[in-house]
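In case you want the letters, here they are:
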Amino acid sequence: MVITFIGYRGCGKSTVAALLSSRLGWACVDADDAIESRAGCSISEIFAERGEPVFRELERTVIAELLGRERLVLAAGGGAILAEATRAAMRSAGPVVWLQAPVEDLSRRISGDGSTALRRPQLTDAGVTAEIESVLTAREPLYRDAATIVIDTAGRTVEDVAAAVYDALPDEVTKDQ
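Residues numbered from 1 in each chain as written. Predicted model: local features only at pLDDT ≥ 70, side-chain atom pairs only at ≥ 80, totals over all residues. Heavy atoms only, no water.

We now examine the environment of Arg 23. With respect to the secondary-structure elements, Arg 23 resides in helix H1 (residues 13-24). For Arg 23, a relative accessible area of 45% gives the class partly exposed. Each C-alpha atom, one on Arg 23 and one on Ala 163, is 9.3 Å from the other, the two residues being 140 residues apart in sequence. (Helix = DSSP H or I, 4+ residues; strand = E, 2+ residues; numbered from the N terminus. Buried < 20%, exposed > 50% of the residue type's maximum accessible area, 1.4 Å probe, protein only.)

Taking burial as the measure, the 5 residues of strand E1 (residues 2-6) include 5 buried ones, the bulk of the element. Every second residue of E1 is oriented toward a common face, with Val 2, Thr 4 and Ile 6 on one face and Ile 3 and Phe 5 on the other, all of them buried. For E1 and strand E4 (residues 96-100), the ladder comprises 3 bridges, and the chain directions are parallel. Note that in E4 the partner of Thr 4 across the bridge is Val 96. (Pairing = 2+ DSSP bridges.)

So, about the side chain of Thr 86. Take Thr 86: it is sitting in helix H5 (residues 84-93). Classification of Thr 86 by relative accessible area gives buried; the value is 6%. The contact partners of Thr 86, leaving out residues within four places of it in the chain, are Arg 60, Ile 63, Leu 67 and Ala 80. (Contact = heavy atoms within 4.5 Å.)

Given below as structure tokens:
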């Protein structure tokens with residue numbers, strides 16, 4: 001079984017996934033880290049040098065491999081839900097947790113994270129807030145389609161969010177804890 005976290009960049013997927021995996025005693029993988037390791041360069045470099053289609057294919061391949069593991073908490077990239085096959089594979093592998101956050105929170109977090117600009121490409125030519133609004137409009141139906149659990153992160157600490165996710169998990173996941 002794999003618990004997959006989805007949501008827009010900056011919503012807390014990697015941080016909450018790490019907290020949850022620690023509580024469950026499961027492994028944790030950030031898909032973006034795995035993709036960069038496989039490619040030998042940053043996601044921004046993949047986009048710039050090889051293009052988004054190459055990145056998306058690599059993302060699909062890496063996530064498909066990770067979804068075949070057992071007792072894994074996976075923080076998927078924000079756009080991993082773009083492929084229907086990936087959404088279906090996530091749902092088949094186990095619970096899919098969509099972390100929602102207000103646009104203002106996402107904008108603040110992304111703008112305040114220096115590594116984001118170095119590792120993640122801009123997806124539009126708009127500013128940070130406008131890009132978030134635009135991309136979220138397109139992706140929200142896909143997040144909704146993939147998710148089996150939806151957690152609103154607004155006004156919550158990462159510890160509170162991780163506890164809310166744990167409480168929302170099916171009994172077969174938490175009964176061994």
